[in-house]
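Notes for the structure review
Spelled out, the chains give:
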Amino acid sequence: MEDYLAKSLEEWKEDISEVLDQINNEYEDVKKELKVYSYKYGITKQVIQSTVNEEIIDNIREMYHRPFEEKYNELKEYIRDLDEKRKVFLMFVNKIDEVKKKEAPRTDLAAAYK
């Protein structure tokens with residue numbers, strides 16, 4: 001592989017890797033927040049199931065349960081999107097590595113016959 005091509009692919013890979021790192025960091029942050037809301041949602045669900053008074057149940061649902069459920073579902077969707085982005089950008093990195101690996105032996109053989 002020609003030097004200019006290898007250099008260009010490496011620079012592109014570095015750019016993509018930076019984006020991938022940002023996505024991974026955001027994924028981890030969302031994963032933590034999702035865990036928090038999973039607990040909050042689960043706890044309020046258990047409290048509602050253990051409570052007999054309908055007025056208190058309605059208040060708990062309105063104040064906590066529904067907002068936690070909405071946030072939890074929103075975060076679940078967002079983490080799926082981030083996971084898809086991670087896969088796509090990882091494919092870029094892997095494909096660039098494949099191309100470089102495929103082209104590397106040709107360069108070595110061509111250099112050997114000169």
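Our structure's up above, just so we're on the same page.
Quick notes on the rules
Residues numbered from 1 in each chain as written. Predicted model: local features only at pLDDT ≥ 70, side-chain atom pairs only at ≥ 80, totals over all residues. Heavy atoms only, no water. Helix = DSSP H or I, 4+ residues; strand = E, 2+ residues; numbered from the N terminus. Rg over C-alpha atoms; globule rule 2.2 N^0.38 Å. Buried < 20%, exposed > 50% of the residue type's maximum accessible area, 1.4 Å probe, protein only. Contact = heavy atoms within 4.5 Å. Areas by Shrake-Rupley, 256 points an atom, 1.4 Å probe, with all protein chains shown as cover. Salt bridge = Lys/Arg side-chain N within 4 Å of Asp/Glu carboxyl O. Patch = residues over 30% accessible without salt bridge, like charges linked within 9 Å, V, L, I, M, F, W, Y side chains within 5 Å. Lys, Arg positive; Asp, Glu negative; His and termini not counted. Charge placed at Lys NZ, Arg CZ, Asp CG, Glu CD.

**What about the overall build of the protein?**
When you go through the protein residue by residue, the secondary structure sums to 2 helices and 0 strands. A compact globule built from 114 residues should have a C-alpha radius of gyration of about 13 Å, whereas the protein, at 25 Å, is more than 25% larger. If one aligns the C-alpha atoms of the protein with their principal axes, the spans along those axes are about 90 × 20 × 15 Å. Residues classed as buried in the protein amount to 20% of the 114 residues present. Expressed as a percentage of contacts within the protein between residues at least 6 apart in sequence, the contacts between residues at least 24 apart total 82%. Working note: accessible area of the protein is about 8800 Å², and carbon and sulfur atoms make up 52% of it.

**Side note on the pattern of salt bridges**
Counted under the stated rule, the structure contains 8 salt bridges. Here E77 and R80 are joined by a salt bridge, their closest N and O atoms 2.9 Å apart. Placement of both E77 and R80 in helix 2 (residues 54-112) is noted, with a separation of 3 residues, approximately one turn of the helix. On the basis of relative accessibility, which here comes to 41%, the residue E77 falls in the partly exposed class. Of the residues examined, R80 reaches a relative accessible area of 47% and is grouped as partly exposed. A salt bridge links R86 to D83; the shortest N-O distance between them is 3.4 Å.

**As for a negative patch on the surface**
A contiguous patch of negative charge on the surface is contributed by E11, E14, D15, E18 and D21. Its location among the elements puts D15 in helix 1 (residues 3-50).

**A look at the side chain of H65**
By the secondary structure assignment, H65 is in helix 2. Those residues in contact with H65 that lie beyond four places of it in its chain are Y41, T44, K45, I48 and I60.

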